[in-house]
Amino acid sequence: GHGLVRADLAYDYLLSDGGGGGGGRPNPAPVPTPTPGGGNCVDSPLGWHDSDGIMFNCEWYGSLNRCEKFGDEFANEGYTAN
């Protein structure tokens, strides 16, 4: 999933077939916004949270290494924090 996306990986994804790039003109990469935990992350889709509820959103995953620890779990709407 891609709930919380690193900006450098987001651009590569958008250029791939998964991002609709399909060899044509690439879609622009999302604009990274800093999270309280630091790093360049994007809340995508906007307002995303995991399957356990709204408190487990991109801001929550962006601190205390939670994205690294739990980011591949708790999918919601087809997305995880990683």
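Here the residue numbers are simple positions, counted from 1 along each chain's written sequence. Note on the predicted model: pLDDT of at least 70 is required for a residue's local features to be given, and 80 or more for side-chain atom pairs to be given and counted; whole-chain, interface and lining totals, by contrast, use all residues. Just so you know, side-chain values use all the structure's heavy atoms and leave hydrogens and water out.

A word on unusual backbone geometry. One non-glycine residue, leucine 64, adopts positive backbone phi at about 55 degrees. Each helix is a run of H or I in the DSSP string that is no shorter than four residues. Each strand is a run of E no shorter than two, and both are numbered from the N terminus. Summarising the element assignment, leucine 64 is placed in the loop between helix H2 (58–61) and helix H3 (66–70). For phenylalanine 74, which is not glycine, the phi dihedral falls at a positive 60 degrees. As for its placement among the helices and strands, phenylalanine 74 is situated in the segment after H3. Partly exposed describes any residue whose relative accessible area lies between the buried limit of under 20% and the exposed limit of over 50%, with all areas from a 1.4 Å probe on protein chains only and scaled to the type maximum. Look at phenylalanine 74 and you get partly exposed, because its relative accessible area is 34%.

Time to look at the packing of aromatic side chains. Side-chain rings of Phe, Tyr and Trp, where Trp is taken by its six-membered ring, are said to pair if the distance between their centres is within 6.5 Å; with planes under 30 degrees apart they count as stacked, over 60 as edge-to-face, and otherwise as tilted. Scanning the model with the defined rule gives four aromatic pairs in all. Between phenylalanine 56 and tryptophan 60 the ring centres are 4.9 Å apart and the planes differ by 90 degrees, which places this aromatic pair in the edge-to-face class. When the ring of tryptophan 60 is compared with that of tyrosine 61, the centres are 5.0 Å apart and the planes differ by 85 degrees; the resulting orientation is edge-to-face. Overall, the relative accessible area of 1% leaves tyrosine 61 in the buried class. Through successive ring pairs, a cluster of aromatic residues spans Trp48, Phe56, Trp60, Tyr61 and Phe70.

For the rest of this paragraph, the subject is the nonpolar core. To define a nonpolar core, start from buried Ala, Val, Leu, Ile, Met, Phe, Trp, Tyr and Cys residues and group those joined through side-chain atoms within 4.5 Å. Counting residues in hydrophobic clusters, the biggest one holds six residues: Trp48, Cys58, Trp60, Tyr61, Cys67 and Ala81. Sorting elements by how many residues they give to this core places H2 first, with three residues.

Relative to the helices and strands, cysteine 58 is located in helix H2. Distance in space between the C-alpha atoms of cysteine 58 and threonine 80 is 9.7 Å, their sequence separation being 22 residues.

Moving on to the side chain of threonine 80. Secondary-structure assignment places threonine 80 in the segment after H3. With relative accessibility at 8%, the residue threonine 80 sits in the buried group. For the purposes of these results, a polar contact is taken to be a pair of N or O atoms within 3.5 Å, where, inside protein, one atom must be able to donate a hydrogen and its partner to accept one; residues adjacent in sequence count only when each atom of the pair is a side-chain atom. At 3.2 Å, the side chain of threonine 80 forms a polar contact with the backbone oxygen of glycine 71.

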